[in-house]
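Close look at the chain arrangement
If you want the building blocks of each chain, they are given just below.
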Amino acid sequence: MDPSTAAAQLAALRTDRAQLAARVVPPWWYDPCLGLVVFVLVAAISLRYAGWVYFAALAVGVGGLWALVAAYKRITGLWVSGLRPGRTRRVIRVWVIAYALVVTTALVADQEFGVRWAMVAAGAVLGFGVTFLGRWWTRVYVAELREGL
Amino acid sequence: MTAVRPRFDPVVHTPPRLQVCGLLAAVDSMDFAAVRDEVGVSDSVLSKHVRQLEEAGYVDVRKATRASRVRTTLALTSAGRAAFAAHVEELRRIAGV
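Being a predicted model, the structure only gives us computed values, none of them experimental.

**Things to note about the interface of chain B and chain A**
Chain B puts 24 residues into the contact, and the matching count from chain A is 23 residues. Regarding the contact of chain B and chain A, the summed buried area is about 2100 Å², with carbon and sulfur atoms giving 61% of it. Broken down residue by residue, the surface that chain B buries against chain A is led by Ala 26, Glu 38 and Ile 94 of chain B, which jointly contribute 23%. Connecting chain B to chain A are one salt bridge. Counting across the chain B and chain A interface gives eight residue pairs in polar contact (both at pLDDT 80 or more). Put simply, the parts of the chain that give the side of chain B that touches chain A at least two residues each are α2 (15–25), β1 (29–31), α3 (32–39) and α5 (78–95) of chain B.

**A look at the nonpolar core**
Leu 20, Val 24, Leu 78 and Tyr 141 of chain A together with Leu 24, Met 30 and Val 35 of chain B are the most contacted members of the largest nonpolar core, which totals 56 residues. Considering every element that reaches this core, the biggest residue donor is helix α5 (residues 118–146) of chain A, with eleven residues. Apart from residues no more than four positions distant in its own chain, Leu 78 of chain A is found in contact with Leu 20, Arg 23, Val 24, Tyr 72 and Lys 73 of chain A together with Val 27, Ser 29 and Met 30 of chain B.

**Focus on the pattern of salt bridges**
Residues and elements named next belong to chain B. The full count for this structure, using the stated rule, is 13 salt bridges over all chains. Between Asp 31 and Arg 71 there is a salt bridge, and its shortest N-O distance comes to 2.7 Å. Taken together, the residues span a long stretch of sequence, with Asp 31 in strand β1 and Arg 71 in strand β3 (residues 69–76) at a distance of 40 residues. Given the relative accessible area of 14%, Asp 31 is considered buried. Between Arg 92 and Glu 89 there is a salt bridge, and its shortest N-O distance comes to 2.5 Å. Here Arg 92 and its partner Glu 89 are both found in helix α5, three residues apart, which amounts to about one turn of the helix.

Rules used in this analysis
- Residues numbered from 1 in each chain as written.
- Chains lettered and ligands numbered in written order.
- Predicted model: local features only at pLDDT ≥ 70, side-chain atom pairs only at ≥ 80, totals over all residues.
- Heavy atoms only, no water.
- Contact = heavy atoms within 4.5 Å.
- Buried area = accessible area lost by both parts, 1.4 Å probe.
- Salt bridge = Lys/Arg side-chain N within 4 Å of Asp/Glu carboxyl O.
- Polar contact = N/O pair within 3.5 Å; in protein donor to acceptor, adjacent residues only side chain to side chain.
- Helix = DSSP H or I, 4+ residues; strand = E, 2+ residues; numbered from the N terminus.
- Core = buried A, V, L, I, M, F, W, Y, C linked by side-chain atoms within 4.5 Å.
- Buried < 20%, exposed > 50% of the residue type's maximum accessible area, 1.4 Å probe, protein only.

Honestly, that's just the spatial picture; any functional story needs more than this.
Shown next, in the form of structure tokens:
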């Protein structure tokens, strides 16, 4: 193979990735819905002594998550893991740290100081946060695809 | 980060297969129909090339039936990812970039 053919094939691969960047962007409602699901799942912890209500809330959260994944796959025709290697790992690190800090603080407030709404507040903070982190993650991923191989 | 050793791969090399591998390398999995639309070939042509990639152990093909429709999903295997990365390095070496 001559150098110009190799260069042309690399250029074609870069073009394909740039085109793919348009396809991977989720619809506008995807990240707010993900935020809502996170809110339900985290806030449900405050219902942990409420018997079936707790399990019903968890089922709603898990069902919502499943529906979101299915909708993303149907709309875009692909799936990409949030934990994929690359620069998007930065966003995941921020999420893990924020999640650990917020949930730990809320659990301490709930268990040690009897603040019963602490997990609901934590759910709201994390749900709001994941809406923006989701958008940030997509921006980083799209930029990575557009930059080429 | 481990450096990828350049290696020409005749299975990956053919343009439609190179394109398919390039798309699948950027995602976890992709619908057959989405790959077909991105690559711009017919179902039969894509099927032929996917089968060659599958026989080489580079692509995993999964079929799922939902609402009486068969949905085919393609994903690069770890061997496929390694072969594609090595082939791209070889292209870079030849192109001198």
